[in-house]
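Reading the structure
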Amino acid sequence: VQLVESGGGLVQAGDSLRLSCAASGRTYSSYTMGWFRQAPGKEREFVAAISRTGLNAFYSDSVKGRFTVSRDNAKNMGYLQMNSLKPEDTAEYYCAADPESYGVRWYRGSNLAYWGKGTLVTVSS
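An account of the accompanying structure is given in this report. None of the values given here were measured: they were computed from a predicted structure. (Residues numbered from 1 in each chain as written. Predicted model: local features only at pLDDT ≥ 70, side-chain atom pairs only at ≥ 80, totals over all residues. Heavy atoms only, no water.)

The buried fraction of strand 5 (residues 45–50) is high, at five of six residues. Two elements, strand 4 (residues 32–38) and strand 5, share five bridges in a ladder whose sense is antiparallel. Bridge pairing links G34 to A49 in strand 5. The loop that links strand 4 with its antiparallel partner strand 5 comprises six residues; one of these, G41, has a positive phi angle of about 75°. Pairing analysis gives three bridges linking strand 5 to strand 6 (residues 57–59), with the strands arranged antiparallel. Along strand 6, the bridge assignment pairs A48 with Y59. Between strand 5 and strand 6, which pair antiparallel and follow one another directly, the connecting turn spans six residues, one of which, G54, has a positive phi of 85°. (Buried < 20%, exposed > 50% of the residue type's maximum accessible area, 1.4 Å probe, protein only. Helix = DSSP H or I, 4+ residues; strand = E, 2+ residues; numbered from the N terminus. Pairing = 2+ DSSP bridges.)

In structure tokens form, the structure reads like this:
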């Protein structure tokens with residue numbers, strides 16, 4: 001599976017942005033999909049994940065209530081809708097996919113099977 005993120009850019013605090021993750025391959029629906037981010041000088045952190053069917057979503061405390069993760073298995077697409085953006089949301093955002101269901105390993109981003117190359121989100125104050 002190859003993952004390609006898009007939709008990043010420069011926005012102002014309070015704005016919204018939607019990231020997309022395009023996946024290749026016919027078995028996209030077999031993978032849990034998620035988003036991570038890494039700010040300059042900081043470690044990569046978990047943002048959100050969504051189950052294979054899209055029925056269950058998981059969020060970090062820092063984005064809960066502001067971000068929404070979704071997917072369209074028919075289109076092999078994943079999305080991250082980001083509202084009420086803050087300067088501290090500035091980071092490179094990465095899409096990931098793995099056969100394993102969400103859990104500690106996903107939260108830690110440990111050896112997930114597939115990663116995209118990232119898209120930069122910059123939020124100005």
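Having seen the structure, we can now continue with the description.
Applying the stated rule across the entire model yields one disulfide. For C21, the disulfide goes to C95, at an S-S distance of 2.0 Å. Classification of the bridge connecting C21 and C95 rests on its S-S torsion, roughly -75°, and on that basis the disulfide is left-handed. Placement of C21 in strand 3 (residues 17–23) and of C95 in strand 9 (residues 91–98) is noted, with a sequence separation of 74 residues between them. Looking at C21, the relative accessible area reads 0%, which means it is buried. Overall, the relative accessible area of 0% leaves C95 in the buried class. (Disulfide = S-S within 2.5 Å.)

Attention now goes to the pattern of salt bridges. This structure, assessed with the given rule, holds six salt bridges. With a closest N to O distance of 2.9 Å, R37 and D89 form a salt bridge. In this pair, R37 sits in strand 4 while D89 sits in the loop between strand 8 (77–82) and strand 9, placing the two residues 52 residues apart along the sequence. Look at R37 and you get buried, because its relative accessible area is 5%. By relative accessible area, which is 1% here, D89 ends up buried. For D61, the salt bridge goes to K64, with nearest N and O atoms at 3.4 Å. With respect to burial, D61 and K64 carry one shared label: exposed. Salt bridges sharing common partners tie together R37, E45, R66 and D89. (Salt bridge = Lys/Arg side-chain N within 4 Å of Asp/Glu carboxyl O.)

Moving on, we come to the nonpolar core. Among the nonpolar cores identified, the biggest contains 26 residues, and W35, V47, F67, L80, M82 and Y93 are the most heavily contacted of them. Elements with a contribution of two residues or more to this core: strand 3, strand 4, strand 5, strand 7 (67–72), strand 8, strand 9 and strand 11 (119–124). Once you skip the residues sitting within four places of it in the chain, M82 turns out to touch D15, S16, L17, L19, R66, F67, Y93 and V121. One finds F36, A49, A96 and L112 within the second-largest nonpolar core, a separate group that totals six residues. (Core = buried A, V, L, I, M, F, W, Y, C linked by side-chain atoms within 4.5 Å. Contact = heavy atoms within 4.5 Å.)

Before going further, it helps to examine the packing of aromatic side chains. Taken as a whole and judged by the stated rule, the model has seven aromatic pairs. The interplanar angle of 55° and the centroid separation of 5.0 Å between the aromatic rings of F36 and W115 together place this pair among those described as tilted. Of this pair, F36 sits in strand 4 while W115 sits in strand 10 (residues 114–115), and the two are 79 residues apart along the sequence. Judged by its relative accessible area of 1%, F36 is buried. Taken together, a centroid distance of 5.4 Å and an interplanar angle of 40° make the contact between F46 and Y102 tilted. Here F46 is found in strand 5, whereas its partner Y102 is found in the loop between strand 9 and helix 1 (104–108), with 56 residues between them in sequence. A residue is classified by how much of its surface remains accessible, and Y102, at 26% relative accessible area, is partly exposed. Taken together, the aromatic side chains of F36, F46, F58, Y102, W106, Y107 and W115 make up a single cluster linked through ring pairs. Here the guanidinium or amino end of R44 rests over the ring plane of F36, the centre of that ring lying 5.7 Å away. Over the ring of Y28 we find R71, and its NZ or CZ is 4.5 Å from the ring centre. (Phe/Tyr/Trp six-rings, centres within 6.5 Å; stacked < 30°, edge-to-face > 60°. Lys NZ or Arg CZ within 6 Å of the ring centre and 35° of its normal.)

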